[in-house]
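# Analysis of the macromolecular model
Chain by chain, the residues run as shown.
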Amino acid sequence: MPQHKTSPDSPIGIFDSGIGGLTVVKAVQAALPAERIIYFGDTARVPYGPKSQAAIRRYAREDTEILMKHQPKMIIVACNTVSALALDVVEEAAGQIPVIGVLKAGAELASRRTRSGRIGVIGTQATIGSNAYACAIQEENGSLEVISKACPLFVPLAEEGFIDHDATMLVAEEYLSPLVSKGIDTLVLGCTHYPILKGMIGRIAGPGIDIIDSAEAVAGKARELLSEQGMLNPGHGQAMPHLLVSDLPQKFRELYRLFMGTELPDVELVGV
C-alpha cells in the first residue's frame, strides 16, 4: 500500500454495505461537525448479512480501497457484518491510518454501561451468527452475560420507512420480548439500520433498559482517537458528506431523507 499523507484537514472515510451506515455519518457529524466525510455505500451488493465469509472479506477489501483513493485520515467500518468478519482485512488495506469498527465501539460502551451484567444484542443473521458481539463484550469483561437475537426483518421495515407502523410493533415485540424477559438492562443495536427504529425498540424495551447505539459509540471513539493524535479538523461550519455508491437505486433519495433528515447531496457512482 503506498504511504499517503494525512493532515487534520483530511476526510474521515466511512463505508457500509448499503445505506444503513448513514446513521454513523449522522452521529459522526453530530460529534465532529467540522470534519469532512467521504461515505461509500455498496448499494450494488447489499445486503452483506446473508453472504459467505469469503465474499464479505473480498468486499471489505474493495470497499476500503475505494475510500483510500480519497486519502482519508481514518476509516470507520459502519457495517456490523464487516466489523464482525473482516476488520483485519480493512486494517491491512488501510495501512497506517486508524480503523474503527462499529462492533467493538458498541461492545465497549455496553460493557461500561450495564449495571446488572446482562446485555442483549440484536443484529443481522451474519452478525449474530458470528458471535462477535458476545466475544467482544466478554473480552471487555468476562463476567458479563450476553443474550443475542437475530432480527432480520428490522432492515426491510426500516427501509420501508415503517417507523411507527403496527407491523413493526408486532415484529419488534416478537423479537424483543425474549430478551426483555431474561432481565437485560442494556441492549446493543448491532446493525446500523436499527437506530431508525430506536423509538419503537425503546418503547418495547421499556425505560429500565439502556439502548446502546453503535453509531453514537463509534462517533465518540473517533473523536477520542483524532483528538489524541492531534488530527481534529480545526475548521468551522459543516460540509455536506461526499457520497459514493456502487449503484443508484430509485429509493436512495428517499432513504437518504429518512436516515439523515435532509435532502440528498450530489452522489458519485463508482464501479465495484
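See the structure printed just above.
Let me sum up the structure you'll find in this document. As the structure is a computational prediction, the values presented were derived from the model and not from experiment.

## Quick word on the layout of surface pockets
In this structure, the largest pocket occupies an estimated 460 Å³ of space. Lining the largest pocket are 26 residues, and of these S17, V46, P47, V155 and H193 lie nearest its centre. For the lining of the largest pocket, the secondary-structure elements that each account for two or more residues are helix 3 (80-85), helix 6 (125-130), helix 8 (154-159) and helix 12 (252-260). Tallied by class, residues from the lining of the largest pocket come to 12 nonpolar, 11 polar and three charged.

## As for the packing of helix 5 (residues 102-113) against helix 7 (residues 132-140)
Between helix 5 and helix 7, whose axes approach to 9 Å, the crossing angle comes to 50°. Our classification of the angle between helix 5 and helix 7 gives oblique. In this structure, helix 5 crosses over helix 7, and the sense of that crossing is right-handed. From helix 5, V102, L103, K104, A107, E108 and S111 reach across to helix 7, where they touch A132, Y133, A136, I137 and E140.

## Remarks on the packing of aromatic side chains
Enumeration over the complete set of coordinates arrives at three aromatic pairs. Judged by centre distance (5.1 Å) and plane angle (50°), the ring pair of Y48 and Y59 falls under tilted. Placement of the pair is Y48 in the loop between strand 2 (37-41) and helix 2 (53-68) and Y59 in helix 2, with a sequence separation of 11 residues. Residue classification places Y59 among the buried positions, given a relative accessible area of 9%. The structure contains a cluster of three or more aromatic residues connected by ring pairs, namely F154, Y175 and Y194. It is R45 that lies over the ring of Y59; its NZ or CZ is 4.0 Å from the centre.

Reading guide: rules and limits
- Residues numbered from 1 in each chain as written.
- Predicted model: local features only at pLDDT ≥ 70, side-chain atom pairs only at ≥ 80, totals over all residues.
- Heavy atoms only, no water.
- 1 Å grid on protein atoms, 1.4 Å probe; cavity = no way out; pocket = protein on both sides within 12 Å on 5 of 7 lines; lining within 4 Å.
- Points joined across faces, edges and corners; volume = space filled by probe spheres on them.
- Helix = DSSP H or I, 4+ residues; strand = E, 2+ residues; numbered from the N terminus.
- Nonpolar A, V, L, I, M, F, W, Y, C, P; charged D, E, K, R; others polar.
- Axes fitted to C-alpha atoms, helices over the stretch in contact; angles between N-to-C directions.
- Parallel < 35°, antiparallel > 145°, perpendicular 65-115°, else oblique.
- Left-handed = near helix turned anticlockwise from the far one by under 90°.
- Contact = heavy atoms within 4.5 Å.
- Phe/Tyr/Trp six-rings, centres within 6.5 Å; stacked < 30°, edge-to-face > 60°.
- Buried < 20%, exposed > 50% of the residue type's maximum accessible area, 1.4 Å probe, protein only.
- Lys NZ or Arg CZ within 6 Å of the ring centre and 35° of its normal.

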